[in-house]
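Read off the chains here:
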Amino acid sequence: PWGAMPAYNNPKVRQFFIDHAVQQQQEFNFDGLRFDFTEPIKGTGGKDGWDMMREMNRQLHFYNPNFHTSAEQFDYD
């Protein structure tokens with residue numbers, strides 16, 4: 001019901017999402033990002049989606065160790 005799932009198994013797609021997050025941090029001076037409803041990313045996207053989120057978090061914290069990331073996830077996981 002959420003629409004087409006991005007191809008998280010494609011390195012270019014994963015890097016697009018990571019670069020976008022880092023650009024928001026750098027260009028707009030964001031100090032944090034909130035990810036709404038991550039279940040499709042890690043559930044349907046599987047290991048590739050979850051790995052993308054981990055790499056995004058690593059890169060955001062590389063540029064700003066105090067950067068805050070949070071994700072909405074249901075309490076069953």
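Everything numeric here is computed off the predicted structure, so don't read it as measured data. (Residues numbered from 1 in each chain as written. Predicted model: local features only at pLDDT ≥ 70, side-chain atom pairs only at ≥ 80, totals over all residues. Heavy atoms only, no water.)

1. Focus on the environment of Ile41
So, point 1. Relative to the helices and strands, Ile41 is located in helix 2 (residues 39-44).
So, point 2. Relative accessible area serves as the criterion here: at 15%, Ile41 is assigned to the buried category.
So, point 3. When the C-alpha atoms of Ile41 and Asp51 are compared, they prove to be 9.7 Å apart, with ten residues separating the residues in sequence.
So, point 4. Among residues more than four places away in sequence, those in contact with Ile41 are Tyr8, Gly46, Gly49, Trp50, Met52 and Met53. (Helix = DSSP H or I, 4+ residues; strand = E, 2+ residues; numbered from the N terminus. Buried < 20%, exposed > 50% of the residue type's maximum accessible area, 1.4 Å probe, protein only. Contact = heavy atoms within 4.5 Å.)

2. Quick notes on the pairing of strand 1 (residues 32-35)
So, point 1. Only one face of strand 1 is covered, namely the one carrying Leu33 and Phe35; the face carrying Gly32 and Arg34 has none of its residues buried.
So, point 2. Looking at chain direction, strand 1 and strand 2 (residues 68-71) are connected through four bridges and run parallel. Within the sheet, the bridge partner assigned to Arg34 lies in strand 2 and is Ser70. (Pairing = 2+ DSSP bridges.)

3. Let's talk about the confidence of the model for the chain
So, point 1. Chain-level pLDDT for the chain is 88 on average; 92% of the residues reach the 70-or-more range.
So, point 2. Within the chain, no element has a lower average pLDDT than helix 2, which sits at 78, and none a higher one than helix 1 (residues 11-28), at 95. (pLDDT = per-residue confidence, 0-100.)

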